[in-house]
Amino acid sequence: MTDVEKEQLEARIQTIADEWILCLGLQWWHILFYYHRDSGAYIESGEDLTAGSKAHTSASWAYLDAAIHFNLSGLIAYTDAELEVVIIHEYMH
């Protein structure tokens, strides 16, 4: 994945995430996005993850904090509709 492809994918994810945050009532949460270019770094970012995993979330409901990690190498070929499914799924955690 080139730097340009990485930046474009991050922008696509952010655009979709911004569209859904209000719809899902998450505007009060502090949500950080982490973008991992390679699957190895992504796997190290969580517990019991496999290379096939596309994203994972850790959240603290008491503090309204969350972190969503994206495995960009697994998402590069996804359409916007497929990315939307992943993002909404992670928001639901």
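Details of the structure are given in the entry above.
Let me sum up the structure you'll find in this document.

How each quantity is defined
Residues numbered from 1 in each chain as written. Predicted model: local features only at pLDDT ≥ 70, side-chain atom pairs only at ≥ 80, totals over all residues. Heavy atoms only, no water. Helix = DSSP H or I, 4+ residues; strand = E, 2+ residues; numbered from the N terminus. Buried < 20%, exposed > 50% of the residue type's maximum accessible area, 1.4 Å probe, protein only. Contact = heavy atoms within 4.5 Å. Polar contact = N/O pair within 3.5 Å; in protein donor to acceptor, adjacent residues only side chain to side chain. Expected span 1.5 Å × (residues − 1). Arc of directions from axis to C-beta. Pairing = 2+ DSSP bridges.

Some thoughts on the environment of Ser53
By the secondary structure assignment, Ser53 is in the loop between helix 2 (39-44) and strand 2 (55-60). Residue classification places Ser53 among the buried residues on the basis of a relative accessible area of 16%. Distance from Ser53 to Gly74, taken between C-alpha atoms, is 7.6 Å for residues 21 residues apart in sequence. If sequence neighbours within four positions are ignored, Ser53 has contacts with Tyr42 and Asn71. Looking at Ser53, its side chain comes within polar contact range of the side chain of Tyr42, at 2.7 Å.

Details of helix 4 (residues 80-92)
Relative to the 18 Å expected for 13 residues at 1.5 Å per residue, helix 4 spans 18 Å between its end C-alpha atoms, a close match to the ideal helical length. Looking only at helix 4, the buried set comprises Leu83, Val86, Ile87, Glu90 and Tyr91. Mapping the buried residues of helix 4 onto a view down its axis gives an arc of 135°, with all of them on the same face. Summarising the geometry of helix 4, the exposed residues directed more than 90 degrees from the buried face are Val85 and Met92. Against the buried residues of helix 4 lie helix 1 (3-23), strand 1 (30-36), strand 2, strand 3 (65-71) and helix 3 (72-75).

What about the pairing of strand 2?
Two strands pair when backbone bridges link them, and strand 2 and strand 3 are joined in this way by six bridges, in the antiparallel orientation. Among the inter-strand pairings, His56 is bridged to a residue of strand 3, identified as His69. Hairpin connection between strand 2 and strand 3: a loop of four residues separates the two successive antiparallel strands, and Leu64 in this loop has a positive phi of roughly 55°.

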